[in-house]
Each structure stands twice: as structure tokens, then as C-alpha cells.
Amino acid sequence: MSTGMQFGIFTVGDVTVDPTTGRKPTEAERIKATVAIAKKAEEVGLDVFATGEHHNPPFVPSSPTTLLGYIAAQTERIQLTTATTLITTNDPVKLAEDYSVLQHLADGRVDLMLGRGNTGPVYPWFGKDIRAALALTVENYQLLRRLWREEVVDFSGEYRTPLHGFTLAPRPLDGVAPFVWHGSIRSPEIAELAAHYGDGFFANHIFWPASHTKRMVQLYRQRFEHYGHGGADQAIVGLGGQVFIRLNSQDAVNEFRPYFDNAPVYGHGPSLEEFSAQTPLTVGSPQQVIDKTLGFRDYVGDYQRQLFLVDHAGLPLKTVLEQLDLLGERVIPVLRKEFAIGRPAHVPGAPTHESLVEAARQSEIQEAS
């Protein structure tokens, strides 16, 4: 595994009216803005860019691999991933193909986060039944894993037609499948699934208090150890988060308040102050963001990936790019340094294609001897 932590951003790709101007971007503008944001994230030294997957207005990222393939061509270093890929309503064969192609195009700079999404109506749009969501998740993921790992697959399940002698084309780059994270807001079953396979667990960490995230991550860590993948503190954990930064904290609060108050996801509910006190949302100075983010380790332990939401609720592109400058210049370098202090040597860093290839090579050497 690589050393240390990865820091990056994730987008949900919402098209939202800017409450300060009354202007709503077009879908084309929002998609192009997302590309600009990903390129800026690499430019300022972030490690990861993640896009959500949604199939309904007011969201635009219905085809993550198309978007990430386009971004891959215009970047060199940044890891490209999803925040989430819908394992329930997508066909596992198509997922295996799409992410294999993307992995080759991006020279391995690809992983993905599987999830069930949070939009009920999406199930019938793709011919699925929401009542089978968890069972679909388990069956589809079992097949996806096999398609990436086995040359010839025979499969019979409850939710799709059988496969007889099926071979995935193209095979994963260097024979190593993209690393998989399982994203969850509230389902212990997903923590269990991630632990069972020794995959990563990503706690959304946006709407819920720290106590909830702590319980979910603890469960995953305990079960990761139970299944023999390593010690509980060696489990692969990612966290979401939300920030809005200005050099002066009161400026940040004043500027962000109208966006918060009118945001489709949490507008017209708790006040900005209440929400900031009860969840990981941080609106303030670089130092306040640093302090609150470092506090996450107190309840989840040493972890591997930290992603921030910075481009939602109608914030204009110019503002988002300024946020990335502040993250890259004033926040992430300090977090890198501080999170490294006291991090035990046996705790793995975030998985990369290179680390997974090396692990596979070591495994072959051990088997041969």
C-alpha cells in the first residue's frame, strides 16, 4: 500500500439556482464546470476527484465513466473515482467493462465507490425493484468481483440472466481490478459487505453527527479483522466532509449563508450554526477547517481518504475555484503533515494501482515459495 492519506473533492453534480443572483447554470455549463473543477483540483495538489452518479434532474452526472474518461485525458496525476457508482441498478457486466476501459485510458488512476444511491424512483427506470436493494447489492457485487478476477465466468443468480463461459473484455489493467470502496450513509449491511471482501468503506459523513459515523466505522473495522484481512486499525476508511473557506471566518459565514439556507438538501431546516455544530460541515477560516478535520481522527482512527464537497448549492464556478486554491495552499499541506504525526507504520496508506500491482506480485511470490 502507498504511504499516508489521500485528500480530494467529491461532487454530486447538482444544477442549482445561485440564490444571490437568481441565475441557474445550463446543464452544459455545469458539466463543463465539473471538468474545470477536476483540473483545478489536480493543479492545486489534491489527490482525488470523485463524481456522483444520478439519473434525475437537477443532477447531471448520469454517466460517470464518460465524464472521468474526458477528465483523465486532461490530467496526469489525480486519482479518478466515483461517489457513488450504483451497484443496484447498473448491470455488473457493463460496470466491469466500463471501468476496465477507463482504467486502461487513465493508466490505472481509477477506483470506484459502490453504493445504492438515495433516489428511490431510479429502480424502476432500470427495471429493478427497490425492495430488493440490499439483495441486488450483494449479488451484483459478487458478479462484478468475479468478472474482474476470473478469466471465464459461469454465473447464475436471482436478478439477472445466467452467464455461460463469459470473458470480460478488456481485462483489468495489469490483471489488477480497480480498488473498490463501499459508500454508505446509514446501512450497517454495507459496512459488513466491505469488511467481508477486505474492500474500503467510505462513510458519507455529511448529514449525520460524529457519533453515527463512529459507530459505522467501528463496525466495519471489527468485521474487517473478523474476516482475517488484518487488524481493525488496518481497515481502509474514507470520509466525506463539507467546507466553505475564506481567510476571515465571518466572511465565510456571511458569504455561504444564503447558499446554505436555500440548498435543496438542507435549506429551510436547521440554521447554519446548528448544522455546523452537529455535523462535519465547516464554514470558516483555513485554521478552523484544519482543526475540525483533524478531529475526525479522534472518532474514526487513522484513515486513508478524506474528500470534501465544495461545489454544490448553486455556488458559482469562480467561487469553487477559489475554494480549491485555499484548500491547496492553506489547508491540505497542513493536514498532510499533521495526519502523518503519530500514524503507526502498520496502518496502510490509500490503495493505488501501483500498490495493488505490488501486492499481487508479492502474493504470487509467496504462493510460489
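Note that the structure is a prediction, hence the values are computed from the model and not measured. (Residues numbered from 1 in each chain as written. Predicted model: local features only at pLDDT ≥ 70, side-chain atom pairs only at ≥ 80, totals over all residues. Heavy atoms only, no water.)

Visitor: How do you make sense of the pairing of strand β2 (residues 48-51) when you look at a structure like this?
Guide: Side chains Val48 and Ala50 project from β2 onto one buried face, and the interleaved Phe49 and Thr51 project onto a second face that is buried too. Across four bridges, strand β1 (residues 6-11) lies against β2 in parallel orientation. Bridging from a neighbouring strand, Ile9 pairs with Phe49 of β2. Running through helix α1 (residues 27-43), the crossover from β1 to the neighbouring parallel element β2 is right-handed. Across four bridges, β2 lies against strand β3 (residues 79-82) in parallel orientation. Among the inter-strand pairings, Ala50 is bridged to a residue of β3, identified as Thr81. (Buried < 20%, exposed > 50% of the residue type's maximum accessible area, 1.4 Å probe, protein only. Helix = DSSP H or I, 4+ residues; strand = E, 2+ residues; numbered from the N terminus. Pairing = 2+ DSSP bridges. Right-handed = clockwise from strand over helix to strand, strands pointing away.)

Visitor: What should I look at first to understand the packing of aromatic side chains in this one?
Guide: By convention here, two paired aromatic rings are described through the distance between centres and the angle between planes. Throughout the structure, instances matching the rule amount to ten aromatic pairs. Each member of the aromatic cluster is reached from another via a ring pair, and the members are Phe7, Tyr303 and Phe339. (Phe/Tyr/Trp six-rings, centres within 6.5 Å; stacked < 30°, edge-to-face > 60°.)

Visitor: Mind showing me how you'd approach the environment of Lys292 here?
Guide: Inspection of the secondary structure puts Lys292 in helix α10 (residues 286-300). Expressed as a C-alpha distance, the spacing of Lys292 and Pro280, which sit twelve residues apart in the sequence, is 7.6 Å. A polar side-chain atom of Lys292 sits 3.0 Å from the main-chain carbonyl oxygen of Leu281. (Polar contact = N/O pair within 3.5 Å; in protein donor to acceptor, adjacent residues only side chain to side chain.)

Visitor: What exactly am I supposed to notice about the pairing of β1 here?
Guide: In the case of a regular strand, side chains alternate between the two sheet surfaces. Burial analysis of β1 places six of its six residues in the buried class, which makes it a mostly covered element. What you see with β1 is no split at all: Gln6, Gly8 and Phe10 on one side and Phe7, Ile9 and Thr11 on the other are buried throughout. Where β1 lies against strand β13 (residues 305-308), four bridges are found, and the strand directions are parallel. From the neighbouring strand, Gly8 faces β13, where its bridge partner is Leu307.

Visitor: Any chance you could explain the pattern of salt bridges here in plain terms?
Guide: Where charged atoms from two side chains of opposite charge approach closely, those side chains can pair. Tallying each qualifying case throughout the model produces 20 salt bridges. The shortest N-O distance in the salt bridge between Asp14 and Arg30 comes to 3.4 Å. A residue pair is termed long-range when its members are at least 10 positions apart, and Asp14 in the loop between β1 and α1 and Arg30 in helix α1 qualify at 16 residues. The same class applies to Asp14 as to Arg30, namely buried. Ionic pairing is found between Asp302 and Arg297, a salt bridge with its closest N-O pair at 3.3 Å. (Salt bridge = Lys/Arg side-chain N within 4 Å of Asp/Glu carboxyl O.)

Visitor: Help me understand the nonpolar core, please; the structure alone is not making it clear to me.
Guide: Buried together is how nonpolar side chains tend to be arranged in soluble globular proteins. Counting residues in each nonpolar core, the largest one holds 98 residues, and the members touching the most others are Ile9, Phe49, Trp148, Tyr220, Phe256, Leu327 and Leu335. Here the element with the most residues in this core is helix α11 (residues 317-340); it accounts for eight residues. Residues Val122, Tyr123, Ala132 and Ala133 belong to the second largest nonpolar core, which totals six residues. (Core = buried A, V, L, I, M, F, W, Y, C linked by side-chain atoms within 4.5 Å.)

Visitor: How should the side chain of Asn90 be read in this particular structure?
Guide: Looking at where Asn90 falls in the secondary structure, it is placed in the loop between β4 (85-86) and α3 (92-105). Overall, Asn90 belongs to the buried group, its relative accessible area being 17%. At a separation of 3.0 Å, a polar atom in the side chain of Asn90 contacts the side chain of Glu53. Here Leu86 takes part through its backbone oxygen, which lies 2.9 Å from a polar atom of the side chain of Asn90. When near neighbours in sequence (up to four residues on either side) are disregarded, Asn90 contacts Glu53, Thr85, Leu95 and Asn140. (Contact = heavy atoms within 4.5 Å.)

Visitor: So what exactly am I meant to see when it comes to the sheet that holds β1 here?
Guide: Note: strands within a sheet are paired through backbone hydrogen bonds, in either parallel or antiparallel orientation. Here we have nine strands laid out as an open sheet, ordered β3-β2-β1-β13-β10-β9-β8-β5-β4, and parallel in their pairing. Taken across any chain shown, the strands that pair with only one partner, and hence form the sheet edges, are β3 and β4. Alignment of strand β9 (residues 200-203) against strand β10 (residues 237-239), held across three bridges, turns out to be parallel. The residue bridging Phe202 from the neighbouring strand is Gly238, located in β10.

All quantities given are derived from atomic positions and should not be read as evidence of function.
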